[in-house]
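Structural characterization, general
Listed here are the chains, written in short residue letters.
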Amino acid sequence: MIRQSDGVSLSALIKPGNTIYIEGKPSKDEVLRLLTERMLPQVSGAISAKALADRVAEVEKLNQVLESGFYIPHAKFPELGSFYGVLGLIPQGFTDPATGHTVKAALLLLSPHKPAFFQRHLNMLSLLSQTFQPELIDKLASLNDPAAAAALLASR
Amino acid sequence: MVVNPRFKQVFVLSTAMLSFISFWKAASIVLCDFGSSAYYAGGIAMNAFGPAFPWFIMGVMLFSGLMLGVYTESCLLFVRGGVYVVVREAMGKVMAKLSVSALIFDYTLTGPISSVTAGLYLGGLLENVLPLMHINWHVPARAFAVVFALLVTGYFWRENIRGVEESADNNLKIISFVTLVAVVLIGWAGLTLYHRGFTLPPFHPVFTDKALGWTVHFPWLKAVGALGIIMAFGHSILALSGLETLAQVYREIEDPKFENLKKAVITIFVFSVLFTGLLTFMSSLIIPPDLVAGKYADNLLSGLALELDGPYWARLGLQTMVVISGALMLVGAVNTSFVGSNGVLNRVADDGILHDWFRHLHKKYGTTYRIINLVAITQILIILISRGDIFLLGEAYSFGVLWSLTFDTLSMIILRFKKRDEEQEWRFPFNVKSGGVYLPIGLVAVLLVLLAATGMNMLTKKVATIGGVLFTVTFFTIFHISEKMNEKKAQLYMPDEDADEKMNLRSESDIAKVVPELTGTRRILVPVRNPNNLVHLAAVLETVDDETTDIIVLSAKIAKGIQSGAETMSDEDREVFSAVVLLAEKYGKTVKPIFVFSNDPFFSMAQVAQAAGADEIVMGVSGSTGAEVQLERLAMAWGMLKKPGEPGKPVLARVVWEGRQMTFQLS
């Protein structure tokens, strides 16, 4: 069954409040932990901390680091009704042990686990990977300002 | 769609276009071999058992309809069939080796008998034409035929070494021209018979001592009644040679495979009955018997043209047309004998019963030149030994034909029981259901006819029996020894340095270089990985029209550090491609197989799909990740390769597995 090709936008997903800069050279696990911690308040009414951590750890095994150096850990929850995201920018980057790619931007994406929403979920993944190209990632990482980063993304 | 220049790591190692042919072309390929016997079968049969020959040639042509039925059923069982595969599946390797040895004898003799016949027809024409040009050269027919046969054999020897492929288009042109000549000949012969009236030839065969062979030592084997009919049938059955070509060409027939096979079979049957059967019959009604046995014994259809009513110049013109059509068809059959022998021997080599020494590839042309040399040298020796005596060649010829047909039919009967649970699209008719099994009464009746003719020919055709047995035993021994040597080699396995060339690989630095070869208005990308999980490819092949749609089959191999350029295909990769080719052949649809090295299969899928402007990507489900994760990873790769802000062409992404599918759009 072909689903409606729903439009998705980054401006609704990425706001200054859910954009963080991570200093130093963290490990991949640390980045994931920081993103999960920042995500929890947004979904705390629907998902428990443990469920979120377990599910993110599970899907992380599938490794979502792209050639462009953008990392999209993502999970789907039936309890959710819309997208939730936290963008982490790591100016010094970290090296993904599985692929060897240097990662300077990571976005934890949570989506509703509903068949009708899967098309939008795919559209969002496609849009994220299309948007976060190396040039933009470098620019975002150098801004060191969540509001400026969110504004730059919204302008695109 | 522009491919991001940062991601050029994917490079194409192999592209091979599988193309399929119409039933007309398939029928013409078979007829260039099978139909060519019209030029010599009548004369040879006349020489063996006298004026009754047209009845038996017509009988054999009608019997060919039954054999075409047997081959149809075997083709439906095995896309890449032929005697070897069918017999191996039914009776094991030993019998398969025996049957294929007999078949090689048939193929090997096809060359000499065809080229010598063409030489005799040309010689006969020159005898008539040269005096008209005031050139008083006497052309000794047989000497001329031998020289011509050697030249033709040498030509195709060279062509096959060079690897010039047989063109189905050429076969179709030849058969079209032959059909035109046949229509004129039949029409003109019909008018002649209408004016002259006719007497039907006698039905009782009268055998020469030579044609009775060893039966003269068995007084109880009288060449009369049913036994006489079987003997005469056996002497005429060489007209069946070439049917095996149907099994070889079936894999190339386009979709819808079965419908086109039926059409090809009906075309072959009608053509053969009219061309070989009817023209031979008309020859016997128009040409006086003494001329059939004498002047026109080795160029019967030339004799028919010359003995028609009408002015001499017109009859000579028709003879010229007959000779040109015959020469084209017979010369084509020489090529078929090379291609057929080479193909069959390569097939058995794939199965490990022919030593790799034979398969060594020519350094420049990449052909299996040792096999081609072996065939050519054997054919040249046969031509020289025959000294242009078509009757001697005809005497030897039917051994391989009969044995291979007998093995094939017997195997089909056995397979009816072995594969009793398998659904079959079509079965040879006359089956009686008993205890849940369809008893193949029709096939058994055909087998009995073949066994009777085979047994009788073993006694009547001395040259065929001695030559055939010697040849078969020799090849069987070669196969047996090869198999043992290959078994030892398998235990001390060493990689074959020629492995890549045998896959006909073509290396390209970038996928973009392959895109111009795609000509369809729609394009579907089908990624493959596991040879046992091609349900999605089958689903595409089943529903897509390859006339308008390019089916790109992509196999992506994970390779780290892919910039070296030294990667080669492994046996597992070849296995995937072999499975893809077999499936494409089964459906008769063209696919474009591409093999790439990549550090991410989804990345390569997206890159190839975007470069090719694909409308659809159809994946099989992965047992390890599941359909949703596959789609997610594809969506990410798809987005990453798009230029920011560029809308791009949307593509449908489908994941297909048994009875289910998920379809989404990537935009």
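Please read these numbers as outputs of a predicted model, since none were measured by experiment. (Residues numbered from 1 in each chain as written. Chains lettered and ligands numbered in written order. Predicted model: local features only at pLDDT ≥ 70, side-chain atom pairs only at ≥ 80, totals over all residues.)

All names here are of chain B. Take Thr-280: it is sitting in helix 11 (residues 257–286). Judged by the 30 C-beta atoms lying within 10 Å of it, Thr-280 falls in the buried class. Separated by 20 residues in sequence, Thr-280 and Leu-300 have C-alpha atoms that sit 7.9 Å apart. In contact with Thr-280, other than residues within four places in its own chain, are Ala-38, Ala-41, Gly-42, Pro-54 and Ile-57. (Helix = DSSP H or I, 4+ residues; strand = E, 2+ residues; numbered from the N terminus. Buried ≥ 20, exposed ≤ 12 C-beta atoms within 10 Å, placed from the backbone. Contact = placed C-beta atoms within 7 Å.)

What follows deals with unusual backbone geometry. Residues and elements named next belong to chain B. Going from Asp-255 to Pro-256, the amide bond is cis rather than trans, its omega being -5°. Counting through the fold element by element, Pro-256 comes out in the loop between helix 10 (244–249) and helix 11. A positive phi angle is found at Arg-387, which is not glycine, with a value near 50°. Inspection of the secondary structure puts Arg-387 in the loop between helix 15 (369–386) and helix 16 (390–418). Taking the number of C-beta atoms within 10 Å as the measure of exposure, Arg-387 has 12 and is therefore exposed. One non-glycine residue, Phe-430, lies in the positive phi region at around 65°. Looking at the element boundaries, Phe-430 is found in the loop between helix 16 and strand 2 (431–434).

Another point: the nonpolar core. Residues B:Leu185 and B:Leu304 are the most contacted members of the largest nonpolar core, which totals 159 residues. Ignoring any residue separated from it by four or fewer positions in sequence, one finds B:Leu185 in contact with B:Leu279, B:Leu304, B:Ala305, B:Leu318 and B:Val322. Counting residues in each nonpolar core, the second largest holds 92 residues, with A:Ala75, A:Leu140, B:Phe597 and B:Met640 among its members. (Core = buried A, V, L, I, M, F, W, Y, C linked by C-beta atoms within 7 Å.)

Moving on: the interface of chain B and chain A. Contacts between chain B and chain A engage 19 residues on the former and 23 residues on the latter. When contributions to the side of chain B that touches chain A are tallied by element, the ones reaching two or more residues are helix 23 (627–641) and strand 9 (660–666) of chain B. Considering each element in turn, the side of chain B that touches chain A owes the most residues, eight residues, to helix 23 of chain B.

The next thing to look at is helix 2 (residues 41–49) of chain B. All names here are of chain B. Here helix 2 lies mainly inside the structure; nine of its nine residues are buried. Residues of helix 2 that are buried: Ala-41, Gly-42, Gly-43, Ile-44, Ala-45, Met-46, Asn-47, Ala-48 and Phe-49. Phi turns positive, to about 85°, at Gly-50, one or two residues after helix 2.

A word on helix 3 (residues 53–77) of chain B. Across its 25 residues, helix 3 of chain B extends 36 Å between first and last C-alpha, which sits within 8% of the 36 Å expected from 1.5 Å per residue. Extensive coverage of helix 3 of chain B is indicated by the burial of 19 of its 25 residues. (Expected span 1.5 Å × (residues − 1).)

Moving on to the domain arrangement of chain B. Residues and elements named next belong to chain B. Parsing chain B into structural domains produces domain 1 (11–16 + 503–666) and domain 2 (35–112 + 168–329 + 390–478). For domain 1 versus domain 2, the distance between C-alpha centres works out to 46 Å. Of the residues lining the interface, six residues belong to domain 1; the matching set on domain 2 comes to seven residues. (Domains from an automatic or database assignment.)

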